[in-house]
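Okay, here's what each chain looks like letter by letter:
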Amino acid sequence: MTTFEALGIDARLIQATDELGYVNPTPIQEQAIPVLLSGTRDFIGLAQTGTGKTAAFGLPLLHVIDAAAKHPQALVVCPTRELCLQIVKEIELFKKYMTGVSVVAVYGGASIGLQIRDLKRGVQIVVATPGRLIDLIERKAINLGEIKYVVLDEADEMLNMGFQDDIEFILKNTPQRESTWLFSATMPPEIRKVSKKYMNDPKEVTVGKVNTANKNIDHQYYVTTAQHRYETLKRIIDFNPGIYGIIFTRTKIDAQEISERLTREGYDIDALHGDLTQQQRDRVMGQFRDKSLQLLIATDVAARGIDVQGITHVINYELPDDVEVYTHRSGRTGRAGLQGICISIVHAKEMYKFKQIERINNSQFHKLDIPSGKDVCRKQFFAFMDKLLSADISHGDYETYVPMLAEKFAEVSKEDVLKRVAAMEFDRFLKYYENSEDLNVRERSKKDFNERGDTKRRDDRSDRQAGGRGDSRKEYSRGGGGYSRLFVNLGTKDGFFKASFLQFILDMSDLKKDALGRIDMKDMNSWIEIEKGAAQQMIRSLDGKSYKGRRIRMNDADSGGPAGFSKKPRRGE
Ligand code: AMP
């Protein structure tokens, strides 16, 4: 095992990493640092989150920049505000013993005026989210003319979020760039394209397997029906008394509704989604970080880049469409050498998708029985008793009260005391689970899970076996049955992946995912199957709106134009 000294890093940086308790470099650091210290070689690091990527580029950046020159020399671009702040925080720690080096974070949702002022102070390292950076470039508030080093962190997430054009713009506008360092958890073809176009013979390093789930994460899943999803979630939470976790939903409506419902039922939870103001977001994140919230429920977009230590569980309330999204979600746990659990609540109908994720992740997923009410009670009961036994009684003046207590309880046996304590804590709980039903979907034949077969037949069969009341879904119609097919002039060229596109149209229309059927995405256009009753709402919500400055056009694909739906003027027209 090598050391930071052996990698050739500046002694002042080593002093700082020593203080942070970094004994040895992590594998990505060991492979990246010697290459990056040259400052001239392009580099691609494929590594999961939590592997020490920030130090892998942060230490070399501090080593190669010229502290005497007071202009931006290094640019780190990352997908979210949280990650941006996290990176700056780490770089600040690393540069503790270096003088004259400044680093600044620029990100959306905060005062641009203050950030412009910070930039004018003569910083060498700028850490930015793409949108705000473009804004600053357009206002001529930042000079990229002398940027020598560009780091793209979590590049796949940035592309997932639709930042491809912005990234290319940034790369095109750094004419003095001597090297580009790209870090990503996965290597989708879009990243390969960017690297081919803008990088020169990059040294590529893979830590672990690309698209492989972190070894510290145990992947578990529970199979249930659509109408039992919420109850299953509750069982999972109740079965894990010490849980500190993030629950992922696909839409912000789900995140909000589930959060409200769980809060009403007494859980410590709040939601993080795109509708929150920056202030609300900060409040929720602050509470979650300091653990006054035990659970966070979030959409993928809102949760991107969140790096909170010690997350015990990630729960997929629903499976994402893309394997990459699954990898990113699960990567919130099992960080920095800790163990983590990623649980997916899977509808019988989604099993084929789940098998796909499992195969591509190349790790074994464990199917577990959804705990019965009795299992949950037992688990909670013993967790409580353990807490009781380990309660710290060394500080209070309990001895004063012992004689009084002894007198009061003279006639009550120890067993009875315990029972009473348990009753106080558990009565409501026991009652709730007294006659709870079995939420598992059983007796699925292996054939159903393993063979893809015909989609429609599989879906019908799953519905029957799942007894899916809320999921009496319907036929895939291709214009018939209960579905309409909508055309929209947005596609993968607009930076969408299926999951982000799905989220976008649901967020815009406030509709639920259940209303949708198949989505076909092409470069420039997409086709969406949607329940007939919901089609009009979707069209009203999207048609005529703008996306990245382009007017969205949406209409009924099978009626040759916007016919078939009301042509009444839209609100505001
Ligand atoms: P990152 O992948 O950059 O988000 O890092 C994950 C966590 O690992 C952070 O909390 C870092 O402070 C920590 N870390 C990074 N490098 C090392 C190292 N060489 N030794 C111990 N901890 C580290």
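Residues numbered from 1 in each chain as written. Predicted model: local features only at pLDDT ≥ 70, side-chain atom pairs only at ≥ 80, totals over all residues. Heavy atoms only, no water.

- As annotated in an unreviewed UniProt entry, the protein chain carries the name RNA helicase and is attributed to Sediminibacterium roseum.
- Per its UniProt entry, the protein chain bears the Sequence similarities (unreviewed entry) comment "Belongs to the DEAD box helicase family." (UniProt positions renumbered as here; feature names shortened; annotations may be inferred.)

1. Some points on the site of the ligand
Point 1. Near the ligand there are 14 residues, and of these Tyr22, Asn24, Gln29, Gly52 and Thr54 occur at the shortest range.
Point 2. Threonine 51 is positioned such that a nitrogen or oxygen atom in its backbone is 3.1 Å from an oxygen atom of the ligand.
Point 3. Starting from 500 Å² of accessible surface for the ligand in isolation, the protein chains cover 80%.
Point 4. Residue composition of the shell around the ligand, grouped by class: 3 nonpolar, 8 polar and 3 charged. (Near = heavy atom within 4 Å. Polar contact = N/O pair within 3.5 Å; in protein donor to acceptor, adjacent residues only side chain to side chain. Areas by Shrake-Rupley, 256 points an atom, 1.4 Å probe, with all protein chains shown as cover. Nonpolar A, V, L, I, M, F, W, Y, C, P; charged D, E, K, R; others polar.)

2. Observations concerning the sheet that holds strand 6 (residues 179-184)
Point 1. The strand order across the open sheet formed by 7 strands is 3-4-2-5-6-1-7, and the pairing between neighbours is parallel. Among the strands making up the open sheet, the edge pair consists of strand 3 (103-106) and strand 7 (203-206). Neighbour-to-neighbour, the strand axes of this sheet turn through a mean angle of 15°, independent of strand direction.
Point 2. The pairing of strand 3 with strand 4 (residues 125-128) spans 4 bridges and is classified as parallel. Its bridge partner being in strand 4, alanine 105 is matched across the sheet by valine 127.
Point 3. Its contacts with the sheet put helix 5 (residues 81-94) on strand 2 (74-77), strand 3 and strand 4, and the angle it makes with strand 3 is roughly 175°. (Pairing = 2+ DSSP bridges. Helix = DSSP H or I, 4+ residues; strand = E, 2+ residues; numbered from the N terminus. Axes fitted to C-alpha atoms, helices over the stretch in contact; angles between N-to-C directions. Contact = heavy atoms within 4.5 Å.)

3. Comments concerning the pairing of strand 15 (residues 483-488)
Point 1. A large share of strand 15 lies buried, amounting to 5 of its 6 residues.
Point 2. Where strand 15 and strand 17 (residues 526-531) come together, 6 bridges link them in antiparallel fashion. Residue pairing across strands places serine 484 opposite isoleucine 530, the latter belonging to strand 17.
Point 3. Here strand 15 pairs with strand 20 (residues 554-556) via 3 bridges, running antiparallel. (Buried < 20%, exposed > 50% of the residue type's maximum accessible area, 1.4 Å probe, protein only.)

4. Observations concerning the pairing of strand 17
Walk down a regular strand and you will see the side chains alternate between the two sheet faces.
Point 1. The pairing of strand 16 (residues 516-521) with strand 17 spans 4 bridges and is classified as antiparallel. What sits directly across from leucine 516, in strand 17, is isoleucine 530.
Point 2. If you look at the hairpin formed by strand 16 and strand 17, you'll find 4 residues sitting between the two strands.

5. Description of empty space enclosed by the protein
Point 1. Tallied over the full model, the rule gives 3 cavities of 30 Å³ or more.
Point 2. Roughly 90 Å³ of volume is contained in the largest cavity.
Point 3. Forming the walls of the largest cavity are 14 residues, and the residues nearest its centre are Arg250, Asp300, Ala499, Ser500 and Gln503.
Point 4. Looking at the lining of the largest cavity, the elements with two or more residues in it are helix 14 (300-303), helix 15 (323-330) and helix 22 (498-509).
Point 5. The greatest single-element share of the lining of the largest cavity, amounting to 5 residues, is contributed by helix 22.
Point 6. In the lining of the largest cavity, the residues fall into 6 nonpolar, 3 polar and 5 charged. (1 Å grid on protein atoms, 1.4 Å probe; cavity = no way out; pocket = protein on both sides within 12 Å on 5 of 7 lines; lining within 4 Å. Points joined across faces, edges and corners; volume = space filled by probe spheres on them.)

6. Quick word on the packing of aromatic side chains
Point 1. Evaluated as defined, the whole model comprises 11 aromatic pairs.
Point 2. Relative to phenylalanine 382, the ring of phenylalanine 381 has its centre 5.6 Å away and its plane inclined at 85°; by these criteria the two rings are edge-to-face.
Point 3. Consider the rings of tyrosine 432 and tyrosine 433, whose centres lie 4.9 Å apart with planes at 85°: the pair is edge-to-face.
Point 4. The buried category is assigned to tyrosine 433, whose relative accessible area is 3%. (Phe/Tyr/Trp six-rings, centres within 6.5 Å; stacked < 30°, edge-to-face > 60°.)

7. Quick look at helix 15
Point 1. Burial within helix 15 is extensive, with 8 of its 8 residues counted as buried.
Point 2. Regarding helix 15, the residues found buried are Val323, Glu324, Val325, Tyr326, Thr327, His328, Arg329 and Ser330.

8. Some points on the state of the cysteines
Point 1. Summed over all chains, the structure comprises 0 disulfides.
Point 2. Among the cysteines around cysteine 78, which has no disulfide bond, cysteine 84 carries the closest sulfur, lying 4.4 Å off.
Point 3. On the basis of relative accessibility, which here comes to 0%, the residue cysteine 78 falls in the buried class. (Disulfide = S-S within 2.5 Å.)

9. Examining the packing of helix 11 (residues 229-239) against helix 17 (residues 373-389)
Point 1. Look at helix 11 against helix 17: their axes get within 8 Å of each other, and the N-to-C directions meet at 25°. One finds that helix 11 runs roughly parallel with respect to helix 17. Between helix 11 and helix 17 lies a crossing whose hand is left-handed. Across the interface between the two elements, Arg235, Asp238 and Phe239 of helix 11 pack against Gly373, Asp375, Val376, Lys379 and Gln380 of helix 17.
Point 2. Taken together, the residues that form the contact of helix 11 with helix 17 break down as 2 nonpolar, 2 polar and 4 charged. (Parallel < 35°, antiparallel > 145°, perpendicular 65-115°, else oblique. Left-handed = near helix turned anticlockwise from the far one by under 90°.)

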